[in-house]
Amino acid sequence: MSIRFSTNRKPLSCSRARNSVADEYSTVYELSKTSGLLSIVTNDALFLENGPGPNELLLISRDSTTIVDDKSLKLLRKIDASQSKGLTFSKDQSLTSWFEGEKTIIRNEKTGATVSLDAGKDPVSAAFSPDNTLIAVGEAVTTDPSVEGSGYSVVRVFETATGKLLHTLDTGHDGYGAVRPVFSPDGKVLAVSNRNFETRIFDFATGKERHVLPKRMTQEIAFSPDGKTLAAAYVDGQLGLWD
């Protein structure tokens, strides 16, 4: 389970697992100023995140992807359905990426220009570097559907301007695991969480592995603003802080 407040501390979102990891939903509650009670705004969100802009919430449900005001929940804009899968924004919103078939698409929001990446047929997550020059795309592939856990995971790093592949990072395991890359604030380190295996830390300049965190099954990871601490939320409900 994960919980997020909006920037003004209302509304509140809470994700809850249902019968399986793939069947996880988020409920958005609104906190009453007078009674202090929570009222449900929506409960069919598959994903909810602060941003992409100030005072905005990104809300992805089964039928739509929308951006709403985090104070009033007023609809600000809708995202085209073809761009909803793997939707990722750069920090300054100048770049947007999404998964389209077996391609990962990057769009420059200022010029409208797009770059198409060969980032694998089964991408699951993406992250822009702080300076927008790079994008890391995680892929998790099932090789034999009849064998539970069969497959592999990999993270590829590309230049956003040219689509040039710079690094292919080995996640170190034979087996399926949904991976999520996250850049450190200075862009020098790339952390890769794994839903089934350990989180790995890579030096971006060399592409070499720095550390393997000993605990398995990571749900989410995030760097502190100074980049000195990595927080990891695990499937079993524990939270780890790593130096």
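This is a predicted model, so every value here is computed, not measured.

Trainee: Help me understand the overall build of the protein, please; the structure alone is not making it clear to me.
Mentor: What the protein contains, in helices and strands, is zero helices and 22 strands. Counting all 243 residues of the protein, 47% fall into the buried class. Summing over all exposed atoms, the protein offers an accessible surface of approximately 13100 Å²; the carbon and sulfur share of this is 51%.

Trainee: How do you make sense of the sheet that holds strand β21 (residues 230-234) when you look at a structure like this?
Mentor: What holds strands together in a sheet is hydrogen bonding between their backbones, with the strands either parallel or antiparallel. Ordered in space as β20-β21-β22, the three strands form an open sheet in which the pairing is antiparallel. Edge positions in the sheet fall to β20 (218-223) and β22 (239-242), since each has one partner strand and no second. In this sheet, neighbouring strand axes are inclined to one another by 20° on average, regardless of whether the strands run parallel or antiparallel.

Trainee: Looking at this model, I keep getting lost on the packing of aromatic side chains. Mind explaining?
Mentor: Think of a pair of aromatic rings as described by two things: how far the centres are apart, and how the planes are tilted against each other in angle. Counted by the stated rule, this structure contains one aromatic pair. Lys215 extends its terminal NZ or CZ atom over the ring of Tyr234, reaching a point 5.1 Å from the ring centre.

Trainee: Would you take a moment to explain the sheet that holds strand β18 (residues 198-203) for this structure?
Mentor: Across the sheet, four strands lie side by side as β16-β17-β18-β19; this open sheet has antiparallel pairing. The open sheet has two free edges, formed respectively by β16 (179-183) and β19 (209-216), since each of these has just one partner strand. Taking each pair of neighbouring strands and ignoring which way they run, the sheet shows an average axis angle of 15°.

Trainee: Looking at this structure, I do not really get the confidence of the model for the protein. What am I missing?
Mentor: Low pLDDT means the predicted atomic positions in that stretch should not be read closely. Scored by pLDDT, the protein comes out at a mean of 76, with 75% of its residues at no less than 70. By mean pLDDT, the top-scoring element of the protein is strand β11 (residues 114-117) (93), and the lowest-scoring one is strand β2 (residues 12-16) (42). Note that residues 1-43 has pLDDT below 50 and, in this model, 101 contacts with residues that lie over four places away or in other chains.

Trainee: For this particular structure, what's the right way to read the environment of Gly86?
Mentor: Examined against the element boundaries, Gly86 turns out to sit in the loop between β7 (75-79) and β8 (88-89). Judged by relative accessible area, which is 24%, Gly86 ranks as partly exposed. Taking C-alpha positions, Gly86 is 9.9 Å from Ile105, a pair spaced 19 residues apart along the chain. Beyond its immediate chain neighbours, meaning those up to four positions away, Gly86 contacts Ser97, Trp98 and Phe99.

Trainee: Hey, could you run me through the nonpolar core in this one?
Mentor: Most often, soluble globular proteins have nonpolar side chains that are buried together. Counting twelve residues, the largest nonpolar core consists of Ala127, Leu134, Ala136, Val155, Val157, Leu169, Val179, Phe183, Leu190, Val192, Phe202 and Phe204. Elements with a minimum of two residues in this core: β13 (134-141), β14 (152-159), β16 and β17 (189-194). Filtering out sequence-adjacent residues up to four positions away, Val179 remains in contact with Val124, Ser125, Gly138, Glu139, Ser153, Val154, Val155, Thr171, Val192, Ser193 and Asn194. Within the second largest apolar cluster, eleven residues are counted, among which are Leu95, Ala119, Ala126 and Ile135.

Trainee: Teacher, can you tell me more about the pairing of β16 here?
Mentor: Look at any regular strand and the pattern is simple: side chains alternate between the two faces of the sheet. Most of β16 is tucked away, with four of its five residues classed as buried. Between β16 and β17, which pair antiparallel in sequence order, lie five residues; one of them, Gly187, sits at a positive phi of approximately 75°.

Trainee: Looking at this structure, how should I read unusual backbone geometry?
Mentor: Across residues other than glycine, the phi torsion is negative in most instances, and most of the peptide bonds are trans. Within the chain, Asn132 stands out as a residue other than glycine whose phi angle is a positive 70°. For Asn132, the location among the structural elements is in the loop between β12 (123-128) and β13. Even without glycine at this site, Met217 takes up a positive phi of about 60°. One can find Met217 in the loop between β19 and β20. Note on Met217: relative accessible area 36%, which makes it partly exposed.

Trainee: Even after reading the chapter, I still don't get the pattern of salt bridges, so can you show me in this structure?
Mentor: Two side chains of opposite charge can pair, provided their charged atoms sit close to one another. Counted by the stated rule, this structure contains seven salt bridges. With a closest N to O distance of 2.2 Å, Lys103 and Asp118 form a salt bridge. Of this pair, Lys103 sits in strand β10 (residues 103-108) while Asp118 sits in the loop between β11 and β12, and the two are 15 residues apart along the sequence. The exposure class assigned to Lys103 is partly exposed, which follows from its relative accessible area of 33%. Residue classification places Asp118 among the exposed residues on the basis of a relative accessible area of 55%.

Conventions used here
- Each chain carries its own residue numbering, running from 1 in the written order of its sequence.
- Reporting in this predicted model follows two pLDDT cut-offs: at least 70 for local features of residues, and 80 or more for side-chain atom pairs to be given and counted; totals over whole chains, interfaces and linings ignore these cut-offs and use all residues.
- Just so you know, side-chain values use all the structure's heavy atoms and leave hydrogens and water out.
- Going along the chain from the N terminus, every DSSP run of H or I of four or more residues is numbered as a helix, and every run of E of two or more is numbered as a strand.
- Exposure classes here rest on a 1.4 Å probe applied to the protein chains alone. A residue is buried below 20% of its type maximum, exposed above 50%, and partly exposed in between.
- The accessible surface values rely on the Shrake-Rupley method and a 1.4 Å probe; as for residues, cover is taken only from the protein chains in view.
- Pairing between strands is defined by DSSP: at least two bridges between the two strands are required.
- Interaxial angle, 0 to 180 degrees, is taken between N-to-C directions of lines fitted to C-alpha atoms, where a helix line uses only the stretch in contact.
- The rule is short: rings of Phe, Tyr and Trp, with Trp giving its six-membered ring, pair when the centres are within 6.5 Å, and they are stacked under 30 degrees, edge-to-face over 60, tilted in between.
- Think of it as a cone above the ring: NZ of Lys or CZ of Arg counts as a charge over the ring if it is within 6 Å of the ring centre and within 35 degrees of the ring normal.
- pLDDT expresses how confident the predictor is about each individual residue, on a scale running from 0 to 100.
- By the convention used here, residues are in contact when the closest approach between their heavy atoms is within 4.5 Å.
- In these notes, a set of buried Ala, Val, Leu, Ile, Met, Phe, Trp, Tyr and Cys residues joined through side-chain atoms within 4.5 Å is what counts as a nonpolar core.
- Here a salt bridge means any side-chain nitrogen of Lys or Arg lying within 4 Å of a carboxyl oxygen belonging to Asp or Glu.

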